[in-house]
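Chain residues, written in single-letter form:
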Amino acid sequence: MEFHFRLVSTFVFFIVALVLASHAAPSSEEYWKKLLPNIPMPKTIQDSLKSGTTGVTIGNKGVDVNVGKPGKDGAVVTVGGPKGKHPVVFVKPRKPFPFVYKYAATQTQLHDNPNVALFMVEKDLKPRTQINMQFTKSTNSASFLPRSIAESIPFSSETMSNVYQRLGITPGSSEAEAIKETLKECETKGIQGEEKHCVTSLESMLDYVTSNLGNKVALATNYVEKETKLQKYVIKGVKYVPGTAAMICHKMNYPYGVFYCHKTDATKTYEVSLVGVDGTKVDAAVICHTNTSTWNPKHLAFQVLKVKPGTTPICHFLPEDHIVWISK
């Protein structure tokens, strides 16, 4: 059975009551222009500022992060390697979150489907490589709140009862469990050499990014022309995005916009263009981790690619609603 968060009326009234208080503060768009005047706001962030249904899907096998339409299998992006090159598996970004590198893979992740995988090795990231992939449009429609409103709402596992009360969530419900899991991910200590933080507004994301990377940054995001089924894609171009460090922000399951941002120096960022057999064009952001020695040895990537921690750079395509920030 699938469940969806809805911002209940009590929370809506609470938001309305705070709108006047936040009116005097600069809008999120104005704050962006103030900090990053020369960088256009990408569509991924524009979409996270739009008002609309705020939803999260919870499957009967665990909490799904950024999954496809309710009642249907699918992940935001799944990636497969060339046939015969590497073993591949189907990946649904659910508990444990695959971008938290201290977690081991679950048996569900390893055996969902033998034809599709999320991770690949860096040497396969080159023009003319053929890979079986599926890109889907993000269905995580949770919108950012203005910072003044977001900061007035409890966001801590130590105050769960207040969190549930403010959001109109019944303790013990599936929705409550999803909130609890997101807060756990946000509060869990990162691996060695990793800076991490969950941001609850665009303003707080900009502050966190610029405090770690400075104001001279570049962005990389994915753009999916149209949603497709699993099919063969050919890599047409690979462009390295130079930078001394990168921060990746992943959209999380929550009633309003929350991004899990983490920074590590041992990364490379690439912009990759692909064309599917049906003509679909995709511009994708790819992150390659050059030092995986501190990852969990049973992490999904190592089991999929049959490699050991620290032996080879491991790359992965990012879902459409994720953002890569690169310091220039």
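Only a predicted model underlies this, so the values are computations on that prediction, with no experimental measurement involved.

A. Geometry of the sheet that holds strand β12 (residues 259-264). Within the open sheet, the five strands sit side by side as β7-β12-β11-β16-β8. Their pairing is antiparallel. Across the chains shown, the open sheet's two edge strands, defined by having one partner strand only, are β7 (195-199) and β8 (217-220). Sheet twist, expressed as the mean angle between neighbouring strand axes with direction ignored, is 20°. Here four bridges tie strand β11 (residues 246-251) to strand β16 (residues 323-327), and the two strands are oriented antiparallel to one another. Bridge pairing links Met247 to Trp325 in β16.

B. Layout of the packing of aromatic side chains. Within this structure, the stated rule accounts for five aromatic pairs. Seen from their ring centres, Phe144 and Phe259 are 5.3 Å apart, and the 35° between their planes marks the pair as tilted. Of the two residues, Phe144 is situated in the loop between β6 (130-135) and α5 (147-150) and Phe259 in strand β12; the sequence distance between them amounts to 115 residues. Residue classification places Phe144 among the buried positions, given a relative accessible area of 7%. Phe259 gets classed as buried once you look at its relative accessible area, which sits at 1%. Aromatic pair Tyr254 and Tyr256: ring centres 5.2 Å apart, planes at 90°, arrangement edge-to-face. Among the aromatic residues, those joined into a ring-pair cluster are Phe155, Tyr254 and Tyr256.

C. Summary view of the state of the cysteines. Within this structure, the stated rule accounts for three disulfides. One disulfide bridge connects Cys186 with Cys198, the sulfur atoms lying 2.0 Å from each other. Of note, the bridge from Cys186 to Cys198 carries an S-S torsion of about -85° and is left-handed in sense. Of this pair, Cys186 sits in helix α7 (residues 174-187) while Cys198 sits in strand β7, placing them twelve residues apart in sequence. Of the residues examined, Cys186 reaches a relative accessible area of 13% and is grouped as buried. A sulfur-sulfur separation of 2.1 Å characterises the disulfide bridge that pairs Cys249 with Cys261. In this structure, the disulfide formed by Cys249 and Cys261 twists by about 110° around the S-S bond and is classed as right-handed. Residue Cys249 is found in strand β11, and its partner Cys261 is found in strand β12; the two are separated by twelve residues along the sequence. With respect to class, Cys249 is no different from Cys261; both count as buried.

What counts, and at which threshold
For every chain, the first residue of the written sequence is number 1, and numbering continues from 1 onward in sequence order. For a predicted model such as this one, the threshold for reporting local features is a pLDDT of at least 70, and the threshold for listing and counting side-chain atom pairs is 80 or more; totals across whole chains, interfaces and linings nevertheless cover every residue. The side-chain figures draw on all heavy atoms in the structure; neither hydrogens nor water molecules are used. Strands pair, by our definition, only if DSSP identifies at least two bridges between them. Numbering goes from the N terminus for both helices and strands, where a helix is a DSSP run of H or I of at least four residues and a strand is a run of E of at least two. Fitted lines through C-alpha atoms serve as axes, helices being fitted only where they are in contact, and the angles separating the N-to-C directions of these axes extend from 0 to 180 degrees. Two aromatic rings, drawn from Phe, Tyr or Trp (for Trp, its six-membered ring), form a pair once their centres lie within 6.5 Å of each other, and the interplanar angle then sorts them: stacked below 30 degrees, edge-to-face above 60, tilted otherwise. Throughout, exposure labels follow a simple rule: accessible area from a 1.4 Å probe, protein chains only, divided by the maximum for the residue type, with under 20% read as buried, over 50% as exposed, and the rest as partly exposed. When the sulfur atoms of two cysteines come within 2.5 Å, that pair is taken as a disulfide.

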